[in-house]
Amino acid sequence: MLAFIRYSVPEARTGEFVASATSILELFALQDGYRGGHLGRSADEPELWALVSTWEGAGFYRRALSAARMEMYPLMTLMLNEPSAFEVVVSNP
């Protein structure tokens, strides 16, 4: 399962955002079913960021969101309201 959480981050909040997003990835890494994660910034729109993670299944991801909710809460105002969980249909390692 792929998880994409996108954020719109004003330049003035970049440092704070990166620190919080890094903590979220660290918390995710402690959760069952976690396979890996990344924090990325758009090359074309520098205020657009993505927290991307992979999981063994949607249940693992949803439980991880609950475990990380206190760390994620301060970033909620920056989060884009859109679906974040995607089932892998085709994979090419």
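Before any of the text, the structure's been laid out above.
What counts as what
- Residues numbered from 1 in each chain as written.
- Predicted model: local features only at pLDDT ≥ 70, side-chain atom pairs only at ≥ 80, totals over all residues.
- Heavy atoms only, no water.
- Pairing = 2+ DSSP bridges.
- Helix = DSSP H or I, 4+ residues; strand = E, 2+ residues; numbered from the N terminus.
- Contact = heavy atoms within 4.5 Å.
- Axes fitted to C-alpha atoms, helices over the stretch in contact; angles between N-to-C directions.
- Phe/Tyr/Trp six-rings, centres within 6.5 Å; stacked < 30°, edge-to-face > 60°.
- Buried < 20%, exposed > 50% of the residue type's maximum accessible area, 1.4 Å probe, protein only.
- Lys NZ or Arg CZ within 6 Å of the ring centre and 35° of its normal.

Asker: What is the right way to read the sheet that holds strand E3 (residues 48-55) from this model?
Answerer: Strand pairing in a sheet relies on backbone hydrogen bonds. The paired strands run either parallel or antiparallel. The 4 strands lie next to each other as E2-E3-E1-E4, forming an open sheet whose pairing is antiparallel. Each edge of the sheet is formed by a strand with only one pairing partner; in this case those strands are strand E2 (34-41) and strand E4 (85-86). Relative to E4, strand E1 (residues 2-8) runs antiparallel, the two sharing 2 bridges. Among the inter-strand pairings, alanine 3 is bridged to a residue of E4, identified as alanine 85. Along the sheet, helix H2 (residues 58-67) contacts E1, E3 and E4; its crossing angle with E3, the most-contacted strand, is approximately 125°.

Asker: Could you clarify how one ought to interpret the packing of aromatic side chains in this entry?
Answerer: In this description, an aromatic ring pair is defined by two values, namely the gap between the centres and the angle between the planes. Considering all chains together, one arrives at 6 aromatic pairs under this definition. Where tryptophan 55 meets tyrosine 61, the ring centres are 6.0 Å apart and the plane angle is 50°; that geometry is what we call tilted. Pair check on accessibility: tryptophan 55 and tyrosine 61 agree, each one buried. If you follow arginine 63 out to its NZ or CZ, it ends over the ring of phenylalanine 60, 5.2 Å from the centre.

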